[in-house]
Amino acid sequence: MSFHTFVEHVRDPYFRGELDHTADFANMLDECSAEELGKRAQQHVTNLLAAQRELFSIKMYAALEEYLHNDIFLLLNLIADALHNMPHQLTNSNKEDLKVELLRFYQLKESILRYISEFAENKNVKIIFEGL
């Protein structure tokens, strides 16, 4: 994966806040209660931390060392950025703000998975992001 391709296809669209409110994700989130939204947000934060823990374990790092370089860390950094407001939204119980944050997360995740499918030399790295 090239850094410039990553910036063009994933990072810049995410940072510009390009949200598609007609996407399936938006419709799914509209049907969720505040409690369901909270559970989803908590699960995504937990999954991110678990993925990072796995990546830093000796076994996982050794298995991915040849491929990774810094690419996977760039992708995880964006995921972490997408989730950084989740704890605040959970404590405030603001359903509409939480829906926006979850929508941004789902669209970013979809963008990352599409990016990996199109540009990654090793498609196995996709497994890490599918679980988030």
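Thresholds applied
Residues numbered from 1 in each chain as written. Predicted model: local features only at pLDDT ≥ 70, side-chain atom pairs only at ≥ 80, totals over all residues. Heavy atoms only, no water. Helix = DSSP H or I, 4+ residues; strand = E, 2+ residues; numbered from the N terminus. Buried < 20%, exposed > 50% of the residue type's maximum accessible area, 1.4 Å probe, protein only. Contact = heavy atoms within 4.5 Å. Areas by Shrake-Rupley, 256 points an atom, 1.4 Å probe, with all protein chains shown as cover. Core = buried A, V, L, I, M, F, W, Y, C linked by side-chain atoms within 4.5 Å. Polar contact = N/O pair within 3.5 Å; in protein donor to acceptor, adjacent residues only side chain to side chain. Salt bridge = Lys/Arg side-chain N within 4 Å of Asp/Glu carboxyl O. Expected span 1.5 Å × (residues − 1). Bend = angle between axes of the 7 residues up to and from the residue. pLDDT = per-residue confidence, 0-100.

Topic: the overall build of the chain
At step 1: On a plain count of helices and strands, the chain comes out with 8 helices and 0 strands.
At step 2: Start at the N end of the chain and walk to the C end: the helices and strands fall as α-α-α-α-α-α-α-α.
At step 3: Counting over 132 residues, the chain shows a buried share of 39%.
At step 4: When contacts within the chain are restricted to residue pairs at least 6 apart in sequence, those whose partners lie at least 24 apart make up 74%.
At step 5: Carbon and sulfur atoms make up 51% of the accessible area of the chain, which amounts to about 7,700 Å² in all.

Brief notes about the nonpolar core
At step 1: Ile79 and Phe129 are the most contacted members of the largest nonpolar core, which totals 34 residues.
At step 2: Put simply, the parts of the chain that give this core at least two residues each are α1 (3–15), α2 (24–30), α3 (34–56), α5 (71–83), α7 (95–119) and α8 (126–130).
At step 3: Take this core: its biggest share by element is 10 residues, from α7.
At step 4: Non-local contacts of phenylalanine 129, meaning those with residues more than four positions away in its chain, are made with Ile72, Leu75, Leu76, Ile79, Lys109, Ile112, Leu113 and Ile116.

Some points on the side chain of asparagine 47
At step 1: Tracing the backbone shows asparagine 47 in helix α3.
At step 2: Here the side chain of asparagine 47 touches glutamine 43 through a polar contact of 2.7 Å, side chain to side chain.
At step 3: If we skip the residues at most four places from it in the chain, asparagine 47 touches Gly131 and Leu132.

Side note on the pattern of salt bridges
At step 1: Tallied over the full model, the rule gives 3 salt bridges.
At step 2: Between lysine 99 and aspartate 30 there is a salt bridge, and its shortest N-O distance comes to 2.6 Å. Here lysine 99, found in helix α7, pairs with aspartate 30, found in helix α2; they are 69 residues apart in sequence, far enough to count as distant.
At step 3: Judged by its relative accessible area of 45%, aspartate 30 falls in the partly exposed class.
At step 4: Lysine 39 is the partner of glutamate 35 in a salt bridge, and the nearest nitrogen-oxygen pair spans 3.2 Å. Separated by 4 residues within a single helix, glutamate 35 and lysine 39 lie in helix α3, roughly one turn from each other. When sorted by exposure, glutamate 35 lands in the same class as lysine 39, which is exposed.
At step 5: Residues participating in the shared-partner salt-bridge network are Asp30, Glu96 and Lys99.

Some words on α1
At step 1: For α1, spanning 13 residues, the distance from its first C-alpha to its last is only 16 Å, which falls clearly below the expected 18 Å at 1.5 Å a residue.
At step 2: Along α1, the sharpest change in direction is near 35° and occurs at histidine 9; proline proline 13 comes one to four residues later.
At step 3: Regarding α1, the residues found buried are Thr5, Phe6, Val7, Val10, Pro13 and Tyr14.
At step 4: One or two residues past the end of α1 sits glycine 17, with phi positive at roughly 70°.

What to know about the confidence of the model for the chain
At step 1: Per-residue confidence for the chain gives a mean pLDDT of 75, with 76% of residues at or over 70.
At step 2: Mean pLDDT across the elements of the chain bottoms out in helix α4 (residues 58–68) (55) and peaks in α7 (84).

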